[in-house]
Amino acid sequence: MDSETPAPARSAPACGGASPTGARPRRADLLVFTAVLAILAGCFAWGVVQDFGAPISGKGDLSLWEHQNYYVGHNLAFTPLPRLDLHNDQLFYPYGGNNVFQPWVMEMHLGAALATRLLGSWGWCQLYFLLSVVGTALGAFLLLRPDHGPVRAGLAAVAVSFCNYYAIGRFAGAFANACAHWTVLSVLADFVLAGRAVDRRPWSARLLAARAFILLACLGQDLGYVAGLGLTSALVTATFLAGLAVVRTRLRPSRMRAAAREGWLEIVRSARQHRAQVAALAALAALAGVLYVPLALQVSRAAGEYDFSRLPLGAWWANPLRMLMPVLPGFNPVSHHRILGDQPEAYFAASPGLAFVLAALVGMAAGRRRLPAAVPPLALLALLLSFHPVKLDTLRLLPWFGFVRVSARFSVVYPATLVSLALLAPPPRRWPARAAAAGLLALLGVEAATAYRTYLVKDWHHYRPDAAFTALMGTIRATPGEAVLDWPFCVAGGNGVATNQLCRYYGQQSGIAWLQAHHGKKVVGKYFGRLHPDQVRPYLDAGWPRMFVPDDPNAFKARRQQRDLTPDEWAFLERFVALGDFAGVLLYPDLLPPETVAGFRARLGPPAAAAASPYGRLEFIPKPDAWRSRVDVSAARALAFPPPAR
């Protein structure tokens, strides 16, 4: 990515390991690495991703991603800038509201929505995840090769991609954390910028254009955590570079002008040498800015409509001491929390592997002459590891971290920061250094084998809609009415709001809004990453919690309603269905007593279609034609079930 960069100045220590400047050796290096990467990608696709043949579906977080792709595909408009319709009653029908509190990964949503429209339903999310890991490796190699040579750049690239155990372990339920390619590349690009500044080596136009593109592309990733990490890295590095400039110029105007002129001339020279590549990178940066900046700002404004300051955000904290845990059998699973006093949330939380930590320590010791270049990655590590969602939440002062509550999710950038520190060391030339490097590589191999064998290779077989399911969804889609009533329905928030009131069968139903991507009707419920009490106030005022009588008070353990509806409850439900513009009722018979299922059939008619689903059996009963003349959506919103008589 930066082949025109001149050799280091005599006054600065060489980064070491750079390959010859000829085009042929560099092209050969890239071909060799690409061949190795293709083999690794094939093994990764076969062992980790496994199933590309169907969209990801299931309960809980598995249900989010196809539905998110559907939502963006049906609610994105260009006026002329991209804009999402976030305030509507497509979810939480008929009350409606703000649909912003979802884990937005705009790059994946836009790509999957476009691919689905052009080519049909397939495992687009799985392909995106595979490309994320492969793209991280290829991008890291291109960024690091000019300064560190093909061998070290290749090893570092594989380490920050295929050995990012936390990110890979979040597949497939937590796609928002699993795909962190632009953010990882942000950390590495910032290290390259800082290293060249410390060595008094000029920046090229290609490097700056690539950094601008990567920074803007970060906004297409998870806005809650992953994109924020890329922005934080840029902020920390910019602060360091500004401080370095102040120290070197002593704020003397003449020195500042001379340094700026020298740097500008080098950028212009390198831009002229590689006009096409600089123009292409600049165009990509502009495209990423046009696509993602308006959407990110819109999501930020919409999220700010609710005041969460008085609500507990939740506290998932991974003890920084986990950084020292090796990834060996029995060490890295979510365990030892009683000793460490934390809640690590997931495998490899704050545990990148001991090989990364030791390599970083060796790099700082062996490359102590270049220690100033370690300031940005060390500062970033210190900021992230010091965060505690309750005791030390200063990171929330940054506008992109306002809703952060799970410190483990910072783990996606720990391998990149530690690899940056490891690369401070010069290439090993004597046998002690080579022995140490070999030992670190052996440890990395053992830890990687342990991680994949024990935790990362899972058995994935995604639900494939059969003919009955397809017919059921087609029947719902073709039936007059703008919405469908799931009964029971599920309204839940990842922060605990409403779950114990409006999703009493969470363990069975979490994620049923996924069905909307197949039938296209508005739905009464939804599982959001977070909810504000104001969003569910209409449900509570209408008395919906009293309609659920589960057989267990724990929403994760409840299996079915323990009794039939009373006459008053039946009357309320009938009026709601009649007044709402419903196509009908989508029943979950496994959650209902037989007499309730019979009651629906007696009042509405026989089911028009039925099928199995990830959430159990489904039956669709269309709304009686005689009820359609009574539709009054505003009256449906105003309905309230009276409290039981005392």
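Residues numbered from 1 in each chain as written. Predicted model: local features only at pLDDT ≥ 70, side-chain atom pairs only at ≥ 80, totals over all residues. Heavy atoms only, no water.

Asks: Explain the overall build of the protein chain to me, please; I cannot follow it from the model alone.
Replies: A count of helices and strands for the protein chain gives 24 helices and 11 strands. For 646 residues, the compact-globule estimate of 2.2 N^0.38 gives 26 Å, and the C-alpha radius of gyration of the protein chain, at 28 Å, lies within 12% of that figure. Judged by the C-alpha coordinates and their principal axes, the protein chain covers about 90 × 55 × 45 Å. Burial analysis of the protein chain (646 residues in total) assigns 56% to the buried set. Excluding contacts between residues fewer than 6 apart, the proportion of contacts in the protein chain whose partners are at least 24 apart in sequence is 81%. A total of about 26900 Å² of accessible surface is found on the protein chain, and carbon and sulfur atoms cover 63% of it. Side-chain charges of the protein chain comprise 62 positive and 39 negative groups, with the mean position of each set lying 13 Å from the other. (Helix = DSSP H or I, 4+ residues; strand = E, 2+ residues; numbered from the N terminus. Rg over C-alpha atoms; globule rule 2.2 N^0.38 Å. Buried < 20%, exposed > 50% of the residue type's maximum accessible area, 1.4 Å probe, protein only. Contact = heavy atoms within 4.5 Å. Areas by Shrake-Rupley, 256 points an atom, 1.4 Å probe, with all protein chains shown as cover. Lys, Arg positive; Asp, Glu negative; His and termini not counted. Charge placed at Lys NZ, Arg CZ, Asp CG, Glu CD.)

Asks: How should the state of the cysteines be read in this particular structure?
Replies: Simply put, the disulfide is a covalent bond whose two ends are the sulfur atoms of two cysteines. With the rule as written, the count across this model stands at one disulfide. Cysteine cysteine 218 shares no disulfide, and the gap to the nearest cysteine sulfur, in cysteine 179, comes to 13 Å. (Disulfide = S-S within 2.5 Å.)

Asks: Even after reading the chapter, I still don't get helix α16 (residues 431-456), so can you show me in this structure?
Replies: Residues spaced three or four apart along an α-helix point in a common direction, a consequence of the helix completing one turn every 3.6 residues. The first and last C-alpha atoms of α16 sit 35 Å apart over 26 residues, in line with the 38 Å expected at 1.5 Å per residue. Listed in full, the buried residues belonging to α16 are Leu440, Leu444, Glu447, Ala448, Thr450, Ala451, Tyr452, Tyr455 and Leu456. (Expected span 1.5 Å × (residues − 1).)

Asks: Would you take a moment to explain the sheet that holds strand β9 (residues 582-587) for this structure?
Replies: One open sheet holds the five strands; their spatial order is β7-β5-β9-β11-β10, and the pairing between them is mixed. Single-partner strands in this sheet number two, and they are β7 (522-523) and β10 (609-613). Relative to strand β11 (residues 616-622), β10 is paired through five bridges, and the arrangement is antiparallel. The partner of alanine 610 across the bridge, within β11, is glutamate 619. Along the sheet, helix α17 (residues 467-478) makes contact with β5 (483-487), β9, β10 and β11, crossing β10 at roughly 130 degrees. On top of the sheet, helix α22 (residues 567-579) reaches β5 and β9; it is set at about 160 degrees to β5, its chief contact. (Pairing = 2+ DSSP bridges. Axes fitted to C-alpha atoms, helices over the stretch in contact; angles between N-to-C directions.)

Asks: I would appreciate a short explanation of the packing of aromatic side chains in the present structure.
Replies: One pair of aromatic rings is described through two measures. These are the centre distance and the angle between the planes. A full pass over the atoms with the stated rule returns 45 aromatic pairs. On the basis of an interplanar angle of 55 degrees and a centroid distance of 6.2 Å, the ring pair of tyrosine 71 and tryptophan 104 is categorised as tilted. Within this pair, whereas tyrosine 71 is found in helix α2 (residues 64-75), its partner tryptophan 104 is found in the loop between β4 (97-98) and α3 (106-119), the two being separated by 33 residues in sequence. Taken individually, tyrosine 71 and tryptophan 104 each receive the classification buried, so the pair is uniform in this respect. Geometrically, the ring pair formed by phenylalanine 129 and phenylalanine 175 is edge-to-face, given 6.3 Å between the ring centres and 90 degrees between the ring planes. On the criterion of sequence distance, the pair formed by phenylalanine 129 in helix α4 (residues 124-161) and phenylalanine 175 in helix α6 (residues 175-178) is long-range, its members being 46 residues apart. In this structure phenylalanine 129 comes out as buried when scored by relative accessible area, which is 0%. Residue phenylalanine 175 is classed as buried on the basis of its relative accessible area of 0%. (Phe/Tyr/Trp six-rings, centres within 6.5 Å; stacked < 30°, edge-to-face > 60°.)

Asks: So what exactly am I meant to see when it comes to the nonpolar core here?
Replies: What tends to happen in soluble globular proteins is that the nonpolar side chains get buried as a cluster. Phe129, Trp487 and Trp544 are the most contacted members of the largest nonpolar core, which totals 195 residues. Ignoring anything within four residues of it in the chain, the contact list for tryptophan 544 reads Tyr95, Trp487, Phe489, Leu502, Tyr539, Phe572, Leu573 and Phe576. (Core = buried A, V, L, I, M, F, W, Y, C linked by side-chain atoms within 4.5 Å.)

Asks: Quick question: what am I supposed to make of the environment of alanine 245 here?
Replies: You can see alanine 245 is positioned in helix α9 (residues 226-249). On the accessibility criterion, alanine 245 (40% relative accessible area) is partly exposed. Sequence separation of alanine 245 and glutamate 447 is 202 residues, and the distance between their C-alpha atoms is 41 Å.

Asks: So what exactly am I meant to see when it comes to the side chain of threonine 417 here?
Replies: Within the secondary structure, threonine 417 sits in helix α15 (residues 414-422). Excluding its chain neighbours within four sequence positions, the residues that come into contact with threonine 417 are Val187, Pro377, Leu380 and Leu381.

Asks: Is there a simple way to think about the pairing of β11 in this case?
Replies: Regular strands have side chains that alternate between both faces of the sheet. The pairing of β9 with β11 spans four bridges and is classified as antiparallel. Residue leucine 587 lies in a different strand from β11, and its bridge partner there is glutamate 619. Counting the residues that bridge the hairpin from β10 to β11 gives two residues.

Asks: Can you help me understand the packing of helix α13 (residues 354-366) against α16 in this one?
Replies: Packed helices, taken two at a time, are described by their axes: the angle between them and the distance between them. In the contact formed by α13 and α16, the axes pass within 8 Å of each other and the chain directions differ by 160 degrees. The angle between α13 and α16 places the two elements in the roughly antiparallel class. The interaxial crossing formed by α13 with α16 has left-handed handedness. Side by side, α13 and α16 meet where Leu354, Ala355, Phe356, Leu358, Ala359 and Val362 of the first sit next to Leu440, Leu443, Leu444 and Glu447 of the second. (Parallel < 35°, antiparallel > 145°, perpendicular 65-115°, else oblique. Left-handed = near helix turned anticlockwise from the far one by under 90°.)

Asks: Sorry if this is basic, but what is going on with the pairing of β5 here?
Replies: Among the five residues that make up β5, five are buried, leaving the element largely enclosed by the rest of the structure. Residues Ala483, Leu485 and Trp487 of β5 are buried on one face, and the alternating residues Val484 and Asp486, pointing to the opposite face, are buried as well. Taken together, the two bridges between β5 and β7 define a ladder with parallel strand orientation. From the neighbouring strand, valine 484 faces β7, where its bridge partner is valine 523. Relative to β9, β5 runs parallel, the two being bridged by five bridges. Following the sheet pairing, valine 484 is matched in β9 by glycine 584.

Asks: What should I look at first to understand the packing of α13 against α15 in this one?
Replies: One way to put it is that α13 packs onto α15 with a least axis distance of 7 Å and a crossing angle of 30 degrees. When the interaxial angle is binned, α13 and α15 end up roughly parallel. As for how α13 packs across α15, the hand of that crossing is left-handed. Between α13 and α15, the residues in contact are Phe356, Val357, Ala359, Ala360, Gly363 and Met364 and Pro415, Leu418, Val419, Leu421 and Ala422, respectively. Among the residues forming the contact of α13 with α15, the class breakdown is 10 nonpolar, one polar and no charged. (Nonpolar A, V, L, I, M, F, W, Y, C, P; charged D, E, K, R; others polar.)

Asks: Even after reading the chapter, I still don't get unusual backbone geometry, so can you show me in this structure?
Replies: With glycine set apart, most residues show a phi of negative sign, and most peptide bonds adopt trans. With an omega of 0 degrees, the peptide bond running from tyrosine 93 to proline 94 counts as cis. Considering the arrangement of structural elements, one finds proline 94 in the loop between β3 (87-88) and β4. Cis geometry marks the peptide bond from phenylalanine 171 to alanine 172, where omega comes out at 5 degrees. If you trace the backbone, alanine 172 turns up in the loop between α5 (165-169) and α6. With a phi close to 55 degrees, arginine 250 is a non-glycine residue in the positive phi region. Residue position: arginine 250 is located in the loop between α9 and α10 (253-273).

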